[in-house]
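# Descriptive structure summary
One letter stands for each residue in the lines below.
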Amino acid sequence: MGTSLPVATFSSSVTQTINPLVANYTLTIPDGSQARIQFGLTTSYGTYTWWVPAPAGGGPVTILVAGMLPASLYYMSALVQLQNGTTESDVEYTFPSGDLPLKNIPRLTVTSPGTPCPGVELVNLNPLSPVVTDLQGNIIWYYYNQDDIDHKGHPMPLKTLPNGNMMVLITNRYAHVTPAPAPYCVLREVDLASQTVSDGSFRREIHMKDLNEKLKNIKTHFGRIVQVNYYSHDFFQLANGHVILICQEFVTVHYEGVEIVVMGDALVDLDEKFDPKWVWSAFDVLDINRHPFEWLPAYDWTHCNCIQATPDGNLMLSVRNQSWVLKLDYANGTGTGAILWKLGYEGHFTLTNGGPDDWFFQQHYPNILTTSGSDITTMSVIDNGNQRTGAGMPYSRGLLLSIDETQMTAEVTWQYPLADYFFSFWGGDVVPLPNGNIEICMSQPYPEHSFAREVTTDQQLVWEMDIHPADAYRSYRMPSLYPNVQW
């Protein structure tokens, strides 16, 4: 055994789930106690889940054990911390993890010339299944839903939630198959076994057709009814449990004397029951005559790809095909949706250490890093660089920016790489790590593969994962698969 703690007799069992890398450990524990699972390839274990409290009065708890290598024999045992502070262990179980699926899984290769920041890597892919890996590049978890696969749908993206579950935006907008499938979109909360979360009366998911029915009863501040054509690129869960969802909206407009169908974007604020409470449309607040990038041949006007909450109760939206990051008047669900500012080329901010072509262009994943009071002070963003103004070839960078919302200034404080020949035309993210390093994902810097790199602030490579094929939408480090647990 991996512990000298006394062994108690708990009513317990370990069973398989639909995910072959996840075990279902159930045990009955007394009132006021809590349990977690220790597991590993030997009886020394070495890896732990989070603590799960007993129900009132005591009773059964279920802990999903995730983070195992495929096709391996694992040992596991519950640790139960009793109300008096003592800890006892359950009997030991063995669990054979299953094989990885033959399809929809990336090929990964890791090199590590330094000591990387500890944790695991969440790799969101387009259109493959998202995976979580250890720092050697071994897949230890993946999302699986056969209904999604049957509809050519895939998560874009998948995110962890504070309650230990995950949320996935499923779309087949970018399925890359011919003929194009009928639209299939669903927002879903799942557990670690990829099962949809349900409280018995409500399944935590909403399909696009059901959302569109609900949207017929709510208007934007400017009086428009939004009907969604696809879920798209991102969502963000607010502190109150609401979810802000990006949706694509195809609208017929009169343009230069003819009618055309323009691809724009909408935001929908969903409450805890996935009922819409607030709606926003780009067609209300942006000028259809400004279309600097990707306008033809499909009239892809906005192509929003990231949404976050600002510290003053508003929203920050990345509008890729305008090369703008917008701050929107959300006001905790009571705002008009008006644009409060535009960050980027031809926007409201002055770039203090560069000219017009030193802004980000057709960006991905602007990510708020630090705030002061109600203001954003630093953020990161991938500058994909498509159709950058000025002469020369396009180039891509990961950027850190300091922001002054009072003076309306921005400054590039760090960039990677420092090479004007490096280009990745879509996707990616930049995430500072707890050890002081910075991780950069580039989605298609090479024809055949993406990469995620951890580098020091002076550009020294610490760790790199090559991701085949070149489908990585975002990739970043997490402490573990469980909230508040460091692996």
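Structural notes, computed from the coordinates. (Residues numbered from 1 in each chain as written. Predicted model: local features only at pLDDT ≥ 70, side-chain atom pairs only at ≥ 80, totals over all residues. Heavy atoms only, no water.)

## Quick notes on the environment of L286
Along the polypeptide, L286 turns up in the loop between α3 (282–285) and β22 (304–309). Residue contacts for L286: discarding those within four places in its chain leaves W301, T302, V319, W324, L326 and I339. (Helix = DSSP H or I, 4+ residues; strand = E, 2+ residues; numbered from the N terminus. Contact = heavy atoms within 4.5 Å.)

## Some thoughts on the sheet that holds strand β12 (residues 131–133)
With antiparallel pairing, four strands are arranged side by side in an open sheet as β13-β12-β11-β35. With one partner strand each, in any of the chains shown, β13 (139–142) and β35 (472–478) form the two edges of the open sheet. Averaged over all pairs of adjacent strands, the angle between their axes in this sheet comes to 20°, without regard to strand direction. (Pairing = 2+ DSSP bridges. Axes fitted to C-alpha atoms, helices over the stretch in contact; angles between N-to-C directions.)

## Thoughts on the environment of N240
As for its placement among the helices and strands, N240 is situated in the loop between β18 (230–237) and β19 (243–255). Residue N240 is classed as partly exposed on the basis of its relative accessible area of 42%. Here the alpha-carbon distance between N240 and C441, two residues 201 residues apart in the chain, equals 30 Å. (Buried < 20%, exposed > 50% of the residue type's maximum accessible area, 1.4 Å probe, protein only.)

## Describing the pairing of β19
Look at any regular strand and the pattern is simple: side chains alternate between the two faces of the sheet. Across the 13 residues of β19, ten count as buried, placing the element largely inside the fold. Bridging between β18 and β19 involves five bridges; their strand directions are antiparallel. Of the residues in β19, the one forming a bridge with F236 is I244. Joining the antiparallel neighbours β18 and β19 is a turn of five residues, in which G241 adopts a positive phi near 95°. Pairing between β19 and strand β20 (residues 258–270): 13 bridges, direction antiparallel. Pairing of E249 across the sheet is with G264, part of β20.

## Points about the pattern of salt bridges
Opposite charge on two side chains allows them to pair when their charged atoms are near. What the rule picks out here adds up to 21 salt bridges. A salt bridge links R224 to E249; the shortest N-O distance between them is 3.0 Å. Here E249 lies in strand β19 and R224 lies in the loop between α2 (208–215) and β18, a separation of 25 residues in the sequence. The exposure class of R224 is partly exposed, given its relative accessible area of 22%. A salt bridge links R453 to E464, with the shortest nitrogen-to-oxygen separation between them at 3.1 Å. Of the two residues, R453 is situated in strand β33 (residues 450–455) and E464 in strand β34 (residues 461–468); the sequence distance between them amounts to eleven residues. (Salt bridge = Lys/Arg side-chain N within 4 Å of Asp/Glu carboxyl O.)

## So, the pairing of strand β32 (residues 438–442)
Burial within β32 is extensive, with five of its five residues counted as buried. The alternating pattern of β32 places I438, I440 and M442 and E439 and C441 on opposite faces, both of which are buried. Alignment of strand β31 (residues 429–432) against β32, held across four bridges, turns out to be antiparallel. Its bridge partner lying in β32, D429 is registered against C441. If you look at the hairpin formed by β31 and β32, you'll find five residues sitting between the two strands, and G436 has a positive phi there, around 95°. When β32 meets β33, the two strands line up antiparallel, connected through five bridges.

## Some points on the sheet that holds β34
Spatial strand order, β10-β34-β33-β32-β31: five strands in an open sheet with antiparallel pairing. What marks the edges here is a single partner per strand, and that holds for β10 (107–111) and β31. Going across the sheet, the axis of each strand differs from the next one's by a mean of 10°, ignoring polarity. For β33 and β34, the ladder comprises six bridges, and the chain directions are antiparallel. Within β34, the residue paired with V455 across the bridge is L461.

## Observations concerning the side chain of D429
Mapped onto the secondary structure, D429 falls in strand β31. For the buried D429, no salt bridge exists, and the shortest N-O distance to an oppositely charged side chain is 5.8 Å, to R474. With sequence-adjacent residues up to four places away left out, D429 is seen in contact with Y365, I382, E439, I440, C441, R474, S475 and Y476. (Lys, Arg positive; Asp, Glu negative; His and termini not counted.)

## Description of unusual backbone geometry
Residue P127 is bonded to the preceding N126 through a cis peptide linkage, with omega at 15°. Relative to the assigned elements, P127 resides in the loop between β11 (120–125) and β12. Of note, the amide linkage connecting M156 to P157 takes the cis form, showing an omega dihedral of 5°. Along the chain, P157 falls in strand β14 (residues 154–160).

## What about α2?
Every buried residue of α2 is listed here: M208, L211, N212 and L215. Axial view of α2: buried residues confined to an arc of 100°, hence all on one face. The secondary structure elements touched by the buried residues of α2 are β16 (185–190), β17 (205–207), β18, β19, β20 and β21 (276–281). (Arc of directions from axis to C-beta.)

## What to know about the packing of aromatic side chains
As enumerated under the stated definition, the model contains 17 aromatic pairs in all. Ring centres of Y345 and F361 lie 5.4 Å apart, and the angle between their planes is 45°; on these two criteria the pair is classed as tilted. Taken as a pair, Y345 in the loop between β25 (339–344) and β26 (350–351) and F361 in the loop between β26 and β27 (364–372) lie far apart in primary sequence, 16 residues in all. F361 gets classed as buried once you look at its relative accessible area, which sits at 0%. One aromatic cluster is present, built from ring pairs that chain together F39, Y74, Y482 and W487. One cation-aromatic arrangement involves R290 over W324; the distance from NZ or CZ to the ring centre is 3.8 Å. One Lys or Arg, R477, reaches over the ring of W463 and ends 4.6 Å from the middle of that ring. (Phe/Tyr/Trp six-rings, centres within 6.5 Å; stacked < 30°, edge-to-face > 60°. Lys NZ or Arg CZ within 6 Å of the ring centre and 35° of its normal.)

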